[in-house]
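# An overview of the molecular structure
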Amino acid sequence: MSRNTAVARTGSEQALAVYQELRARPGTTFDQVADRLELSTEERERCRDELASLGLTAPSLDPNAVVDPDVALLRLLRRERDRLQERLAATSRAHTALEALAGPFLRAGATPRGEIEVEIVDDPHRVRRSLAELRDSVRTAAHFMHTGSVRREELPGELAQDRLWADRGVRIRAMYSRRAASVPEMAQHLEERAALGVEIRFASVVPMNMVLADENFALLPTDPHDLSSAAILARGPGLVRSYLALYEYCWTAAAPYGEEEAPEKGGDGLSEQQRAALLMLASGIKDEQIARNLGVSLRTVSRLLSEVMQELGAASRFEAGVKAARLGLLDGDGVERS
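Structural notes, computed from the coordinates. Here the residue index of a chain counts from 1 through its sequence in written order. For a predicted model such as this one, the threshold for reporting local features is a pLDDT of at least 70, and the threshold for listing and counting side-chain atom pairs is 80 or more; totals across whole chains, interfaces and linings nevertheless cover every residue. For side-chain calculations, the full set of non-hydrogen atoms in the structure is used, while hydrogens and water are omitted.

Strands are runs of DSSP state E lasting at least two residues, helices are runs of H or I lasting at least four, and both sets are numbered from the N terminus onward. Per the secondary structure count, the chain includes 13 helices and ten strands. Classification of residues uses two cut-offs on accessible area relative to the type maximum, computed with a 1.4 Å probe and protein chains only: under 20% is buried, over 50% is exposed, and between them is partly exposed. Split into buried and exposed, the 338 residues of the chain put 40% on the buried side. Looking at the chain alone, contacts between residues at least 24 apart form 68% of all its contacts between residues at least 6 apart. Note on areas: these come from Shrake-Rupley sampling with a 1.4 Å probe, and a residue is covered only by the protein chains present in the view. Surface summary for the chain: the accessible area is close to 18300 Å², and the carbon and sulfur share equals 51%. Contacts between residues were defined by any pair of non-hydrogen atoms, one from each residue, lying within 4.5 Å.

As structure tokens, then:
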């Protein structure tokens with residue numbers, strides 16, 4: 001291969017070329033492939049780092065060994081899922097510590113009482129009252145984050161609230177799991193919200209339910225994984241701005257309503273057994289262990305995974321894993337159908 005051809009390739013294209021050569025010629029070393037492609041020292045290191053970061057090579061085990069794409073993807077998905085769970089657990093611990101430390105600190109008078117208030121509320125009626133009070137008190141902006149659990153009886157009230165705030169010039173932003181739009185009733189509701197001027201975005205992973213208003217009010221769960229857990233009511237810009245920074249980060253990474261990718265099969269027709277098999281597959285568990293975990297035969301596992309592929313419109317297990325991650329099927333329970 002000529003140097004001009006190698007130079008024409010940049011970044012990921014060079015890494016892909018190296019990976020394809022290593023797979024096509026078992027026993028060939030990374031440096032031999034790099035020599036053949038006439039890569040510079042800087043290009044070699046960049047390719048080596050990129051392949052390792054994607055899990056397509058394992059330098060710590062064998063610097064010249066390559067990993068199959070489907071195995072690398074499943075490992076990557078599992079690693080990212082574990083990282084998210086660790087961050088959410090750390091957030092939950094921070095919430096608990098904040099409530100334990102900030103309350104006595106504020107009552108001691110070190111900070112003006114009206115500047116920051118934190119309260120743990122386990123009474124659902126109290127939470128609803130606080131949200132009702134918020135409807136009349138918001139002045140400039142309200143921000144919502146939904147993991148996907150939306151109740152049918154709440155939809156009319158939400159539209160009425162949108163109209164009230166829109167008439168007052170309040171900016172409204174709402175972030176949903178991508179799966180929300182796969183439910184026809186929710187899709188219609190989101191269209192009506194957008195028509196009222198609500199800014200809507202979709203994300204593959206929504207970390208928790210959250211309500212923020214005017215940089216002065218925050219409502220979020222003590223445990224993002226448990227919808228029945230107590231809620232944190234926080235007031236005061238000194239604290240709420242931190243939650244707003246998290247919201248802004250998630251908002252930037254989400255896709256605006258109307259600009260999201262073309263809808264794919266949503267996996268709503270999957271049975272609990274099929275979902276369990278999909279999650280274990282995405283975790284890198286072999287068919288034999290999946291069969292033992294589910295208490296079924298290997299033949300049944302193959303059938304279950306074939307049905308999952310058909311439901312997701314995937315031609316391979318690899319593609320099924322990609323689509324499942326994109327649709328949020330590996331991240332939680334998704335939209336609650338009332």
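On we go.
Moving on to helix H6 (residues 124–137). In a regular helix each residue adds 1.5 Å, so 14 residues correspond to 20 Å; H6 covers 20 Å between its end C-alpha atoms and thus fits that length. The term polar contact refers here to a pair of N or O atoms within 3.5 Å; inside protein, the definition further demands a hydrogen-donor-capable atom paired with an acceptor-capable atom, and it admits residues adjacent in sequence only when both atoms are side-chain atoms. By the N-cap criterion, in which a side-chain oxygen at the helix start approaches the backbone nitrogen of a residue two or three places on, H6 is capped by aspartate 123, the distance to histidine 125 being 3.0 Å. Given the number of residues in a helix, its expected span is that number minus one, multiplied by 1.5 Å.

Moving on to the side chain of threonine 222. Structurally, threonine 222 is set in the loop between strand S8 (217–221) and strand S9 (231–235). On the basis of relative accessible area, threonine 222 is assigned to the buried category, the value being 17%. Within the structure, the side chain of threonine 222 is placed 2.9 Å from the backbone oxygen of alanine 230, a separation counted as a polar contact. Not counting the four nearest positions on each side in its chain, threonine 222 is found in contact with Ser92, His95, Ile120, Ser229, Ala230, Ala231 and Ile232.

Looking now at unusual backbone geometry. Negative phi is the rule for most residues except glycine; trans is the rule for most peptide bonds. In this structure, glutamate 38 takes a positive phi of about 55° despite not being glycine. Counting through the fold element by element, glutamate 38 comes out in the loop between helix H3 (30–36) and helix H4 (41–53). You can call glutamate 38 partly exposed: its relative accessible area is 30%. At aspartate 214, a position not held by glycine, the phi torsion is positive, near 55°. Mapping aspartate 214 onto the fold places it in the loop between strand S7 (210–213) and S8.

Moving on to the pairing of S7. The two faces of S7 match: Met210 and Leu212 on one face and Val211 and Ala213 on the other face are all buried. We call two strands paired when DSSP finds no fewer than two bridges between them. In this structure, strand S4 (residues 141–145) lies alongside S7, joined through four bridges in antiparallel fashion. Among the inter-strand pairings, alanine 142 is bridged to a residue of S7, identified as alanine 213. As paired elements, S7 and S8 share three bridges and run antiparallel to each other. From the neighbouring strand, alanine 213 faces S8, where its bridge partner is phenylalanine 217.

Another aspect to go through is the packing of aromatic side chains. Whether two aromatic rings pair depends on their centres lying within 6.5 Å, for rings of Phe, Tyr and Trp, where Trp uses its six-membered ring; planes under 30 degrees apart make the pair stacked, over 60 edge-to-face, and the rest tilted. The full count for this structure, using the stated rule, is three aromatic pairs. Consider the rings of phenylalanine 144 and tryptophan 165, whose centres lie 6.1 Å apart with planes at 25°: the pair is stacked. Here the residue phenylalanine 144 occupies a position in strand S4, and tryptophan 165 occupies one in helix H7 (residues 155–167), the gap between them amounting to 21 residues. With relative accessibility at 8%, the residue phenylalanine 144 sits in the buried group. Classification of tryptophan 165 as buried rests on a relative accessible area of 1%. When the ring centre of phenylalanine 30 is taken as origin, the NZ or CZ atom of arginine 48, which lies over that ring, is 4.2 Å away. Above the face of the tryptophan 251 ring, arginine 173 is positioned so that its terminal group lies 4.9 Å from the ring centre. Whether a charge sits over a ring depends on NZ of Lys or CZ of Arg being within 6 Å of the ring centre and within 35 degrees of the ring normal.

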